[in-house]
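Breakdown of the fold
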Amino acid sequence: MDLIELSGTARALVAPGKGILAADESGGTIKKRFDSIGVESTETNRRDYRQMLFTAVGAGDYISGVILYDETIRQSASDGTPLVKLLQDQGIIPGIKVDTGAKALAFAEGETVTEGLDGLRERLAEYHTLGARFAKWRATYSVGAGLPSDYCVDVNAHALARYAALCQEAGIVPIVEPEVYMEGTHTIEEAFLATERAQTAMFSALVQQRVELEGILLKPNMVLPGYDSTKQVSDEVIAEATIRCFRATVPATVPGIVFLSGGQSDEQATARLNAMNKLGPHPWQLSFSYGRALQAPALKAWKGAAANVDAGRAAFLHRARMNSLARSGEYTPAMEKSAA
Ligand code: 13P
C-alpha cells in the first residue's frame with residue numbers, strides 16, 4: 001500500500017470547489033430513472049446518457065471524480081473512445097461501485113447487510129487496470145422502533161471495513177457509505193442517534209482492520225427529520241445537527257466527507273451543503289457525491305433524444321456549478337433563477 005498515493009487521491013477528490021458525481025446506478029436503478037422519462041434502458045441508451053454527462057465541457061472544473069458501474073467502466077463512446085478516457089481527459093478521476101447490493105439480513109426483519117466481499121481482491125485488481133482509483137460501498141440502515149439494531153450496525157461496519165482494507169491494499173481509495181435512510185417518520189434526534197451509532201461502529205472496525213483513515217472518504221446521509229416526519233426543520237438546523245454529529249464521530253484525519261443526496265430535491269441538497277460549509281472551517285473538507293441531485297435536471301432535459309444532448313449537458317453543468325459554490329458557502333438560491 002502506498003499511503004502517499006492514496007491520501008493524494010483522496011485529497012484530489014475533495015479539492016476546493018470540487019465534488020463527485022455518482023453515476024453508478026445499477027441495472028435496476030437506471031431502469032427506474034429511464035422509466036421516469038419514458039426511455040428504454042438498453043445498453044446503448046445507458047452509454048449515450050453517460051457519454052453526454054462525461055463530455056460536458058468544463059465539468060472538470062467542478063467534478064473531481066465519477067463513480068461508475070461495472071458495465072460503464074468497460075464501455076466506449078460512440079466514436080470508440082473508452083468512457084474512462086473521456087473522464088481522464090477532463091482531469092476527472094474514475095471510480096467504481098464494488099458492492100453487490102444491500103440484501104435482507106437473516107433474522108432481522110426490515111434490515112439489510114451489504115454483500116460483495118467474495119472475490120473482491122481480484123475484482124479490485126481488474127478495476128485498477130481499467131483506471132479506477134477509488135471505489136464505493138454502500139450500507140443502509142432504517143430508522144424506527146428498535147432500528148437500526150446493534151446486529152445490523154455491527155455486521156455492516158465489519159463489511160465496510162473489510163472492503164476498505166482490500167481497496168487500500170489494491171491502491172484504491174475506499175469511499176465508505178453508511179447510509180442512514182432519510183425516508184421515514186423519524187425525528188431529527190432519532191436520525192442523529194442512528195447516524196452516530198452507525199459511524200462510531202464503522203470507524204472502530206476501520207481502525208481494527210488497519211485501514212489508514214487519511215486514505216478514505218466518508219459518504220454519509222445528512223442528519224435530518226425523516227421525509228414523512230411531522231417535525232420538519234430549517235436547513236440551518238440540519239446543518240448544525242449534521243456537523244455536531246460528525247464532530248463526535250469522524251476523526252480529523254479523514255480528508256473529506258462527501259454527502260449523498262438520498263432523495264432530497266436538487267436545490268435542497270445544494271442549499272444544505274452550503275449551510276454546512278458556512279459554519280466552517282471544519283476539520284475535514286465537506287463536499288458532495290450526489291447521484292440524483294446532480295442528474296435529475298439533466299435526465300429531464302435529455303429525454304433520450306440526441307437533439308437534447310446540449311440541453312442535458314447544460315443542466316448538468318449548472319447543478320455541478322451550484323454545488324461547487326456550496327463547497328465554500330457562496331451559493332444563494334437566487335443563482336438558480338439567474339441561470340434559468
Ligand atoms: P444519491 O445522491 O441519488 O442518493 O446517490 C448517491 C449514491 O451513490 C447512493 O449510493
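Residues numbered from 1 in each chain as written. Predicted model: local features only at pLDDT ≥ 70, side-chain atom pairs only at ≥ 80, totals over all residues. Heavy atoms only, no water.

The next thing to look at is the site of the ligand. The ligand sits among 13 residues. The nearest are Lys-136, Lys-219, Ser-261, Gly-262 and Arg-292. Separating an oxygen atom of the ligand from a side-chain N or O atom of Glu-177 is a distance of 2.9 Å. At 2.7 Å from an oxygen atom of the ligand is found a side-chain nitrogen or oxygen belonging to Lys-219. Protein contacts shield 91% of the accessible area of the ligand, which totals 300 Å² for the unbound molecule. Using a 2 Å cut-off from the grid points, one finds that the ligand occupies the largest pocket. Counting residues per element, the ones that place at least two in the shell around the ligand are strand S6 (134-141) and strand S10 (285-290). Looking at the shell around the ligand, its residues break down into three nonpolar, four polar and six charged. (Near = heavy atom within 4 Å. Polar contact = N/O pair within 3.5 Å; in protein donor to acceptor, adjacent residues only side chain to side chain. Areas by Shrake-Rupley, 256 points an atom, 1.4 Å probe, with all protein chains shown as cover. 1 Å grid on protein atoms, 1.4 Å probe; cavity = no way out; pocket = protein on both sides within 12 Å on 5 of 7 lines; lining within 4 Å. Sits in = over half its atoms within 2 Å of the grid points. Helix = DSSP H or I, 4+ residues; strand = E, 2+ residues; numbered from the N terminus. Nonpolar A, V, L, I, M, F, W, Y, C, P; charged D, E, K, R; others polar.)

What follows is about helix H10 (residues 266-278). With 13 residues, H10 should cover 18 Å at 1.5 Å per step; its first-to-last C-alpha distance of 19 Å lies within 8% of that length. Taken together, the buried positions of H10 are Ala-269, Thr-270, Ala-271, Arg-272, Leu-273, Asn-274, Ala-275, Met-276 and Asn-277. Considering only its buried residues, H10 is in contact with helix H9 (235-249), strand S9 (256-259), S10, helix H11 (292-302) and helix H12 (309-326). (Expected span 1.5 Å × (residues − 1). Buried < 20%, exposed > 50% of the residue type's maximum accessible area, 1.4 Å probe, protein only. Contact = heavy atoms within 4.5 Å.)

Evaluated as defined, the whole model comprises two cavities of 30 Å³ or more. Reported here for the largest cavity is a volume of approximately 40 Å³. Taken together, Leu-21, Leu-53, Phe-54, Ala-59, Ile-63, Val-66, Leu-87, Gln-90, Ile-92 and Phe-316 form the lining of the largest cavity. Going through the elements one at a time, helix H3 (43-54) and strand S2 (63-68) are the ones with two or more residues in the lining of the largest cavity. In this model, the second largest cavity occupies a volume close to 30 Å³. (Points joined across faces, edges and corners; volume = space filled by probe spheres on them.)

Turning our eyes to something else, we now look at the pattern of salt bridges. Considering all chains together, one arrives at 17 salt bridges under this definition. Its salt-bridge partner being Glu-177, residue Lys-136 comes within 3.6 Å of it at the nearest N-O pair. Of this pair, Lys-136 sits in strand S6 while Glu-177 sits in strand S7 (residues 173-180), and the two are 41 residues apart along the sequence. The same class applies to Lys-136 and to Glu-177, which are both buried. Residue Glu-336 pairs with Arg-319 through a salt bridge whose shortest N-O separation is 2.7 Å. In this pair, Glu-336 sits in helix H13 (residues 334-339) while Arg-319 sits in helix H12, placing the two residues 17 residues apart along the sequence. In this structure, a network of salt bridges that share partners links the residues Asp-24, Lys-136 and Glu-177. (Salt bridge = Lys/Arg side-chain N within 4 Å of Asp/Glu carboxyl O.)

Taken residue by residue, a regular strand's side chains alternate between the two faces of the sheet. By the alternation rule, side chains of S9 split into Gly-256 and Val-258 and Ile-257 and Phe-259, which are all buried. When S9 meets S10, the two strands line up parallel, connected through four bridges. If you follow Val-258 over to S10, its bridge partner there is Ser-287. (Pairing = 2+ DSSP bridges.)

The volume enclosed by the largest pocket comes to roughly 610 Å³. Lining the largest pocket are 27 residues, and of these Thr-29, Arg-33, Lys-136, Arg-138 and Arg-292 sit closest to its centre. Breaking the lining of the largest pocket down by element, the ones donating at least two residues are helix H2 (27-35), S6, S7 and S10.

The next thing to look at is the pairing of S6. Most of S6 is tucked away, with seven of its eight residues classed as buried. As paired elements, strand S3 (residues 93-97) and S6 share three bridges and run parallel to each other. Bridge pairing in S6 links Lys-97 to Lys-136. For S6 and S7, the ladder comprises eight bridges, and the chain directions are parallel. Bridging from a neighbouring strand, Tyr-141 pairs with Val-180 of S7.

By the element assignment, Thr-242 lies in helix H9. Looking at Thr-242, the relative accessible area reads 0%, which means it is buried. One polar contact links the side chain of Thr-242 to the main-chain amide nitrogen of Val-223, over a distance of 3.0 Å.

Attention now moves to the packing of aromatic side chains. Centre distance and the angle of the planes are the two values used to describe a pair of aromatic rings. Within the structure shown, the criterion is met by six aromatic pairs. Ring plane angle 50° and centroid distance 5.6 Å describe the contact between Phe-34 and Trp-302, whose orientation is recorded as tilted. Of the two residues, Phe-34 is situated in helix H2 and Trp-302 in helix H11; the sequence distance between them amounts to 268 residues. Phe-34 gets classed as buried once you look at its relative accessible area, which sits at 0%. (Phe/Tyr/Trp six-rings, centres within 6.5 Å; stacked < 30°, edge-to-face > 60°.)

On their own, these measurements won't tell you what the molecule is for.
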